[in-house]
Amino acid sequence: MFNRRATLAGAAALALALTLTACGQNSEVSSEGSSEGGTVGIAMPTRASERWLTDGKSLVEDLKGDGYKTELVYGDDDPKAQVSQIGNLIKQGVDALIIAAIDAKSLNGVLQQAADADIPVISYDRLILGTKNVDYYVSFDNEMVGRLEARHIIDKLGLEEGKGPFNIELFAGSPDDNNTKYFFEGSMALLQPFLDSKQLVVPSGQTKLNQVTTLRWDGATAQKRMSGILTEWYGSKQVDAVLSPYDGISRGVLSALTSDGYDSDSKPLPVITGQDAELASVRSIIAGQQSQTVYKDVRLLARAAAEMVDDILTGRTPRIDNTGEYNNGVKVVRAVLLQPTTVDKTNYGVLVSDGYFTADELK
Ligand code: GAL
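One structure accompanies this document, and this report is about it. (Residues numbered from 1 in each chain as written. Predicted model: local features only at pLDDT ≥ 70, side-chain atom pairs only at ≥ 80, totals over all residues. Heavy atoms only, no water.)

Observations regarding the site of the ligand
Phase 1 of the analysis: All residues adjacent to the ligand are R51, W52, D125, R126, D177, N179, F183, W217, Y246, Q275, D276 and K296.
Phase 2 of the analysis: Within the side chain of R51, a nitrogen or oxygen atom sits 2.8 Å from an oxygen atom of the ligand.
Phase 3 of the analysis: At a separation of 2.7 Å, an oxygen atom of the ligand approaches a polar side-chain atom of R126.
Phase 4 of the analysis: Taking 300 Å² as the accessible area of the ligand by itself, protein coverage stands at 99%.
Phase 5 of the analysis: Taken together, the elements giving at least two residues each to the shell around the ligand come down to α2 (50-65) and α6 (178-196).
Phase 6 of the analysis: Among the residues making up the shell around the ligand, the classes are represented as four nonpolar, two polar and six charged. (Near = heavy atom within 4 Å. Polar contact = N/O pair within 3.5 Å; in protein donor to acceptor, adjacent residues only side chain to side chain. Areas by Shrake-Rupley, 256 points an atom, 1.4 Å probe, with all protein chains shown as cover. Helix = DSSP H or I, 4+ residues; strand = E, 2+ residues; numbered from the N terminus. Nonpolar A, V, L, I, M, F, W, Y, C, P; charged D, E, K, R; others polar.)

Shown next as structure tokens:
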């Protein structure tokens, strides 16, 4: 079966390469490896954030090491483009698909095509919703990510010692990403008691998820929202903490704050959380601006997805360590969840000891 697939894939790959070249789009697809074990299509959401580049690179390397050929595409945060990229991978005859969705609910149609062609689908990092045609999910414990961010705010402000009241503003991720709700709910589970006791106050009044999302996780969008909040609600008040679910958003928030005179003796920066341990944010943590990030070693995530693909394509049953929790609206998707780590000024050395960054990169 795989030889037949490989031959088909080879012919289709050539056809696709010719089509893409003709359209001048060949830079969007990168093919690597030998197709002996089969070809794996990898659809990543964006090149605008460092982590997804690491995810793509690690998946390609791992799968190549396991004897697979890979076709890696990036959807550049455009859900329609991603659907058409996945459609092309299916036409090309890939043997498996690894997908980090841009819009969790937009893949129903194209994944029916994958199912019709017997192509297993792994939902990568972000759960694909509303379709039965997703076989496995690999991610981090997303609720824990939110809890780690809230824990940092609680500890830094001394909320458990009864300190307060403090002003806080809340930011969440993209409304079309299933992770957004898990991050936010994880954070709010810990923060809500302090909102109830009024040790935490949200001057903008924006506390519901649908009031605090950030479309496509865009830093500039977050910056604009933060500037608007400062202008409209702060006057002589100062913000003491900002819950941010992603480093790109945190840096947008930081820009709004520094433009408003924060990071001075009379206006110290608030506690600002984050996620992904992006280089610019780790440097910002070391410089005392952003206060925390959540480190998810995406090389391990890629490794888990590659092993899963290898298991499926060689007829083994993938190792599953979490069942029952990830319902995509149509079915419970079998999941592997890795553990995230909180990183701040006191322990960022873990990023160097893990080889995620070199000591020089953090200088
Ligand atoms: C989420 C992901 C986060 C972050 C964010 C923005 O789905 O879990 O780690 O990368 O997207 O890219």
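What follows continues from the structure just given.
Topic: the packing of aromatic side chains
Phase 1 of the analysis: Under the defined criterion, the tally for this structure stands at six aromatic pairs.
Phase 2 of the analysis: Ring centres 5.9 Å apart and planes at 85° place the aromatic pair W217 and Y246 in the edge-to-face group. Taken as a pair, W217 in the loop between α7 (209-212) and α8 (219-234) and Y246 in the loop between β9 (241-243) and α9 (247-259) lie far apart in primary sequence, 29 residues in all.
Phase 3 of the analysis: We classify W217 as buried; its relative accessible area is 11%.
Phase 4 of the analysis: The class of Y246 is buried, set by a relative accessible area of 11%.
Phase 5 of the analysis: Between the aromatic rings of Y295 and Y356, the centroid separation amounts to 5.0 Å while the plane-to-plane angle is 65°, which identifies the pairing as edge-to-face. Of this pair, Y295 sits in strand β11 (residues 292-295) while Y356 sits in the segment after α12 (349-353), and the two are 61 residues apart along the sequence.
Phase 6 of the analysis: Using a relative accessible area of 3% as the deciding quantity, one classes Y295 as buried.
Phase 7 of the analysis: An aromatic cluster of three or more residues is present, and its members are Y137, Y182 and Y326.
Phase 8 of the analysis: The side chain of R51 reaches across the aromatic face of W52, ending 3.7 Å from its centre.
Phase 9 of the analysis: One cation-aromatic arrangement involves R225 over F171; the distance from NZ or CZ to the ring centre is 4.4 Å. (Phe/Tyr/Trp six-rings, centres within 6.5 Å; stacked < 30°, edge-to-face > 60°. Buried < 20%, exposed > 50% of the residue type's maximum accessible area, 1.4 Å probe, protein only. Lys NZ or Arg CZ within 6 Å of the ring centre and 35° of its normal.)

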